[in-house]
Amino acid sequence: MRLPENVPMTIRALVVFALLVPAMPAPLPAAAGTSDGRWITHPEQPFEILATEATVEEFKACVAAKKCEQASADDACNAGDNARAAFPINCIDHPGAEALCAYLGARLCSSKEWLAACRGTEQRAFPYGSEYQPSRCHVGSYDNPGPGGRTTIKAGSTPDCVGGLPGLFDMSGNVSEWVADCKDDYCKFRGAAYVGNEPVAHFAGCGEVCSGNNKGLKSGTVGVRCCRDSKAAQKTP
């Protein structure tokens, strides 16, 4: 670009600088429904839910802070593999799941909260829509495991497995998730896993069907997702 001869040198320098320095890209918008990136706010109910299953990294931080017992999760699973920090913590018992959620400033989701998040505002039968789609999420049976094989995958690493709320991943598959609902020592978990019972669609959706076991169970197919009161609910007197 050619400037007139009477333009002062200081202005010339600023123009040259502006031409040479590339414009900074606009920041990416925050995911819809997020409050701080890790948590998804339900737009119609007074709670927030973790965007993915709780991870090995979060569990190890809880242990380091002496808020979780190392023995609450079996080292034969993801907790014992240093390469799996971003994977869901699995083989964790119900008390360990409760302690981890407490460390994260939260609690285990109730079935009511879990189902509300899974169904979203559109009351979906599955997190992603009205019909079961086996390739959308890492979910399968013992004879036919999920697309990621007979093991867990990184939490939130399947872009198509999103919903019922925007930014909420793996509500179907990867690992099932302990919920707060217990009767004596029997507690429920929801969401199906990379392998599980048939018919898979019955367990992989947002319906009332779920599994459960003794609260001391440590299974490779069971992990943790936490809920907490939304900020709006916390401000309510």
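Residues numbered from 1 in each chain as written. Predicted model: local features only at pLDDT ≥ 70, side-chain atom pairs only at ≥ 80, totals over all residues. Heavy atoms only, no water.

Right, let's get into the sheet that holds strand β1 (residues 39–41). If you trace the 4 strands from one edge of the open sheet to the other, you get β1-β2-β8-β3, paired in antiparallel fashion. This sheet does not close on itself; its edge strands, each paired only once, are β1 and β3 (107–108). Inspection of the sheet shows β3 paired to strand β8 (residues 226–229) by 2 bridges, in the antiparallel sense. Of the residues in β8, the one forming a bridge with Leu108 is Cys226. (Pairing = 2+ DSSP bridges. Helix = DSSP H or I, 4+ residues; strand = E, 2+ residues; numbered from the N terminus.)

Attention now moves to the environment of Gly129. Following the sequence through the fold, Gly129 ends up in the loop between α4 (111–119) and β4 (176–183). Sequence spacing of Gly129 and Val162 is 33 residues, and the spatial spacing of their C-alpha atoms is 9.8 Å.

Spatially, the 4 strands line up as an open sheet ordered β6-β5-β4-β7, and their pairing is mixed. Edge positions in the open sheet fall to β6 (211–214) and β7 (222–224), since each of these has one partner strand only. Each neighbouring strand pair of the sheet contributes to a mean axis angle of 50°, computed without reference to strand direction. As paired strands, strand β5 (residues 186–190) and β6 are joined by 4 bridges and run antiparallel to one another. From the neighbouring strand, Tyr186 faces β6, where its bridge partner is Asn214. Sitting on the sheet, helix α3 (residues 94–103) touches β4, β5 and β7, and the angle it makes with β4 is about 105°. (Axes fitted to C-alpha atoms, helices over the stretch in contact; angles between N-to-C directions. Contact = heavy atoms within 4.5 Å.)

Summarising the sheet, β4 and β7 pair through 3 bridges and their orientation is parallel. Bridge pairing in β7 places Glu177 opposite Gly223. Where β4 and β5 come together, 4 bridges link them in antiparallel fashion. Each bridged residue has a counterpart across the sheet, and for Glu177 the counterpart in β5 is Arg190. Counting the residues between successive antiparallel strands, the hairpin from β4 to β5 contains 2 residues, one of them, Asp184, with a positive phi of roughly 60°.

Quick look at the state of the cysteines now. Inspection of every chain in the model, using the stated rule, returns 7 disulfides. Covalently, Cys118 is tied to Cys206 through a disulfide, its sulfur atoms 2.0 Å apart. Here Cys118 and Cys206 share a disulfide; its torsion about the S-S bond, -65°, makes the bridge left-handed. Placement of Cys118 in helix α4 and of Cys206 in the loop between α5 (200–203) and β6 is noted, with a sequence separation of 88 residues between them. In this pair, the class of Cys118 matches that of Cys206, namely buried. (Disulfide = S-S within 2.5 Å. Buried < 20%, exposed > 50% of the residue type's maximum accessible area, 1.4 Å probe, protein only.)

Right, let's talk about the packing of aromatic side chains for a bit. In total, this model carries 3 aromatic pairs according to the counting rule given. Ring centres of Phe126 and Tyr128 lie 6.0 Å apart, and the angle between their planes is 10°; on these two criteria the pair is classed as stacked. Taking 5.6 Å as the distance between ring centres and 40° as the angle between the ring planes, the aromatic pair formed by Phe126 and Tyr132 counts as tilted. With relative accessibility at 10%, the residue Phe126 sits in the buried group. According to the relative accessible area criterion, Tyr132 is partly exposed, its value standing at 26%. The rings of Phe126, Tyr128 and Tyr132 are connected pair by pair, giving a single aromatic cluster. (Phe/Tyr/Trp six-rings, centres within 6.5 Å; stacked < 30°, edge-to-face > 60°.)

Mapped onto the elements, Glu113 comes out in helix α4. Classification of Glu113 as buried rests on a relative accessible area of 12%. Of note is the side chain of Glu113, whose polar atom sits 2.4 Å from the side chain of Arg107. (Polar contact = N/O pair within 3.5 Å; in protein donor to acceptor, adjacent residues only side chain to side chain.)

Inspection of the entire model under this criterion finds 8 salt bridges. Between Arg107 and Glu113 there is a salt bridge, and its shortest N-O distance comes to 2.4 Å. Salt-bridge contacts for Asp229 lead to Arg107; the nearest nitrogen and oxygen are separated by 3.2 Å. Taken together, the residues span a long stretch of sequence, with Asp229 in strand β8 and Arg107 in strand β3 at a distance of 122 residues. What makes Asp229 partly exposed here is its relative accessible area of 36%. Among the charged side chains, a network of salt bridges with common partners joins Arg107, Glu113 and Asp229. (Salt bridge = Lys/Arg side-chain N within 4 Å of Asp/Glu carboxyl O.)

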